[in-house]
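# What the coordinates show
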Amino acid sequence: MTMHAPLMGTYYHNMDAKGRMAFPNKLREQLGVNFVITIGLEGCLYVYSNEEWEKFTEQLRTLSGPVAKQAIRKYAANAVVAEADKQGRILIPQNLREHAGLDHDITVIGNLNRAEIWDTARYNEINSKFTDEELAEAIDSLAF
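Let me sum up the structure you'll find in this document.

## As for the overall build of the protein
- Of regular secondary structure, the protein possesses six helices and eight strands.
- By the compact-globule yardstick of 15 Å for 144 residues, the protein fits well, its C-alpha radius of gyration being 16 Å.
- C-alpha extents for the protein along the principal axes are approximately 45 × 35 × 30 Å.
- The buried share of the protein, reckoned over its 144 residues, is 38%.
- If you take every contact in the protein between residues at least 6 apart in sequence, the share linking residues at least 24 apart comes to 64%.
- Counting every atom, the protein has about 8800 Å² of accessible surface; 54% of that belongs to carbon and sulfur.

## Side note on the environment of Asn124
- Examined against the element boundaries, Asn124 turns out to sit in helix α5 (residues 120-128).
- Its relative accessible area of 41% is what places Asn124 among the partly exposed residues.
- The spacing of Asn124 and Thr107 is 17 residues in sequence and 9.2 Å in space, taken between C-alpha atoms.

## Some details on the layout of surface pockets
- If you add up the space inside the largest pocket, you get close to 150 Å³.
- Lining the largest pocket we find Leu41, Glu42, Cys44, Tyr46, Ile109, Asn111, Arg114, Glu116, Trp118, Tyr123, Ile126 and Asn127.
- Elements with a minimum of two residues in the lining of the largest pocket: β7 (105-111), β8 (114-119) and α5.
- In terms of residue class, the lining of the largest pocket is built from seven nonpolar, two polar and three charged.

## Notes on the packing of aromatic side chains
- Evaluation of the coordinates by the stated rule reveals seven aromatic pairs.
- Pairwise contacts between aromatic rings join Tyr46, Tyr48, Trp53, Phe56 and Tyr75 into one cluster.
- Seen from the ring of Tyr46, Arg114 lies directly overhead, with NZ or CZ sitting 3.8 Å from the centre.

## Regarding the sheet that holds strand β4 (residues 45-48)
- Strand order across the open sheet formed by six strands is β1-β7-β8-β4-β3-β5, with antiparallel pairing between neighbours. Of all strands in the sheet, those with a lone pairing partner are β1 (10-14) and β5 (80-83), marking the two edges. Mean inter-strand twist for the sheet, computed between neighbouring axes without regard to direction, equals 30 degrees.
- Inspection of the sheet shows β4 paired to β8 by three bridges, in the antiparallel sense. Residue pairing across strands places Val47 opposite Ala115, the latter belonging to β8.
- In this fold α5 packs onto β1, β7 and β8, with an angle of close to 105 degrees to the strand it touches most, β8.

## As for a nonpolar patch on the surface
- On the surface, a nonpolar cluster with roughly 360 Å² of combined accessible area is contributed by Phe130, Leu135, Ile139 and Leu142.
- Along the chain, Ile139 falls in helix α6 (residues 132-140).

## Looking at a negative patch on the surface
- Taken together, Asp132, Glu133, Glu134, Glu137 and Asp140 make up a surface patch of like negative charges.
- With respect to the secondary-structure elements, Glu133 resides in helix α6.
- You can call Glu133 exposed: its relative accessible area is 58%.

## A closer look at the pattern of salt bridges
- Applying the stated criterion across every chain, the model contains seven salt bridges.
- The closest approach of N and O atoms between Lys55 and Glu51, which form a salt bridge, is 3.7 Å. Taken together, the residues Lys55 and Glu51, both in helix α2 (residues 50-61) and four residues apart, mark about one turn of the helix.
- Take Glu51: its relative accessible area is 28%, and that puts it in the partly exposed class.
- The salt bridge partner of Glu116 is Arg114, with a shortest N-O separation of 3.0 Å.
- Taking the relative accessible area as the measure of exposure, Glu116 reaches 6% and is therefore buried.
- Here the salt bridges do not stand alone but share partners, grouping Glu51, Glu52 and Lys55 into one network.

Calculation notes
- Residues numbered from 1 in each chain as written.
- Predicted model: local features only at pLDDT ≥ 70, side-chain atom pairs only at ≥ 80, totals over all residues.
- Heavy atoms only, no water.
- Helix = DSSP H or I, 4+ residues; strand = E, 2+ residues; numbered from the N terminus.
- Rg over C-alpha atoms; globule rule 2.2 N^0.38 Å.
- Buried < 20%, exposed > 50% of the residue type's maximum accessible area, 1.4 Å probe, protein only.
- Contact = heavy atoms within 4.5 Å.
- Areas by Shrake-Rupley, 256 points an atom, 1.4 Å probe, with all protein chains shown as cover.
- 1 Å grid on protein atoms, 1.4 Å probe; cavity = no way out; pocket = protein on both sides within 12 Å on 5 of 7 lines; lining within 4 Å.
- Points joined across faces, edges and corners; volume = space filled by probe spheres on them.
- Nonpolar A, V, L, I, M, F, W, Y, C, P; charged D, E, K, R; others polar.
- Phe/Tyr/Trp six-rings, centres within 6.5 Å; stacked < 30°, edge-to-face > 60°.
- Lys NZ or Arg CZ within 6 Å of the ring centre and 35° of its normal.
- Pairing = 2+ DSSP bridges.
- Axes fitted to C-alpha atoms, helices over the stretch in contact; angles between N-to-C directions.
- Patch = residues over 30% accessible without salt bridge, like charges linked within 9 Å, V, L, I, M, F, W, Y side chains within 5 Å.
- Salt bridge = Lys/Arg side-chain N within 4 Å of Asp/Glu carboxyl O.
- Lys, Arg positive; Asp, Glu negative; His and termini not counted.
- Charge placed at Lys NZ, Arg CZ, Asp CG, Glu CD.

Nothing here speaks to function; it is all geometry.
Set out below in structure tokens:
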């Protein structure tokens, strides 16, 4: 699927005991019928459309060295294709739930070329560490 607009927004959902969660309809529409979920940095999961996953893996393939090889293994070995059921739910495998510390309260965010799935408490903790002043400094460094 060709992505027409960046993925954005913040969505709050719950995960059931089987690891199923309703995935935001707006993001599903942009990601496509099925999409790839894998480990992410900072304790979240990355969610890519098939097109963005191909771009990401092409970039990974250009890396070399032992650390790069391990990174490729970790991303590829932990990647799964997700497809929403009739209720719009996806299943997050146990290994990915453990990586992201997912239990019940889930936050899904759009992050331009991918979505991210977070444990809500972890997401709030990470966000609280980044001040408005730091954000302003980062934006000021961009050349508009």
